[in-house]
Amino acid sequence: VLSLMLTVHLLLWAYGMACMDSLFSPLIYFLTTLIFMGMRELSMALSNPFGDDDVDFCTSIWLATCYNDAVFLLEHSFEVDYNMW
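An account of the accompanying structure is given in this report. For every chain, the first residue of its written sequence is number 1, and the numbers climb from 1 along that sequence. With the structure being a predicted model, the display of local features is reserved for residues of pLDDT at least 70 and the display and counting of side-chain atom pairs for 80 or more, all residues being used for whole-chain, interface and lining totals. Hydrogens and waters are ignored; side-chain quantities use all the structure's heavy atoms.

## A few points about the side chain of S25
Step number 1: Among the secondary structure elements, S25 is positioned in helix α2 (residues 25–45).
Step number 2: Residue exposure (1.4 Å probe, protein chains only): buried if accessible area is under 20% of the type maximum, exposed if over 50%, otherwise partly exposed. Relative accessible area serves as the criterion here: at 5%, S25 is assigned to the buried category.
Step number 3: Residues adjacent in sequence count toward polar contacts only when both atoms are side-chain atoms; beyond that, a polar contact is any pair of N or O atoms within 3.5 Å, and within protein one must be able to donate a hydrogen and the other to accept it. There is a polar contact of 3.5 Å between the side chain of S25 and the backbone oxygen of S22.
Step number 4: Among all residues touching S25, those that are not within four sequence positions of it are M17 and M20. Each helix is a run of DSSP H or I of at least 4 residues and each strand a run of E of at least 2, with the numbering of both proceeding from the N terminus. Contacts were defined at the residue level, with two residues in contact if any of their heavy atoms lie within 4.5 Å.

## Description of the side chain of T32
Step number 1: Tracing the backbone shows T32 in helix α2.
Step number 2: Within the local environment of T32, its side chain forms a polar contact with the backbone oxygen of Y29, the two atoms lying 3.0 Å apart.

Right, dumping it as structure tokens:
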């Protein structure tokens, strides 16, 4: 659905730019097309941040670190000096 929406949007944008009498229209259209295509690629890469791709978050390391920190905090004995308060 996103690709169809982007294609229709860019086709309408191209028609609107073709109707203008400016020499900068092709440059503006090229830059906006480049930006929209880049945003589409970025949204596809970030659509599933917890998968197995190179750009995804490594949740197993995060969970192991969180578990180790929790175990350390639970097993460590703290000595409280009440004179400091």
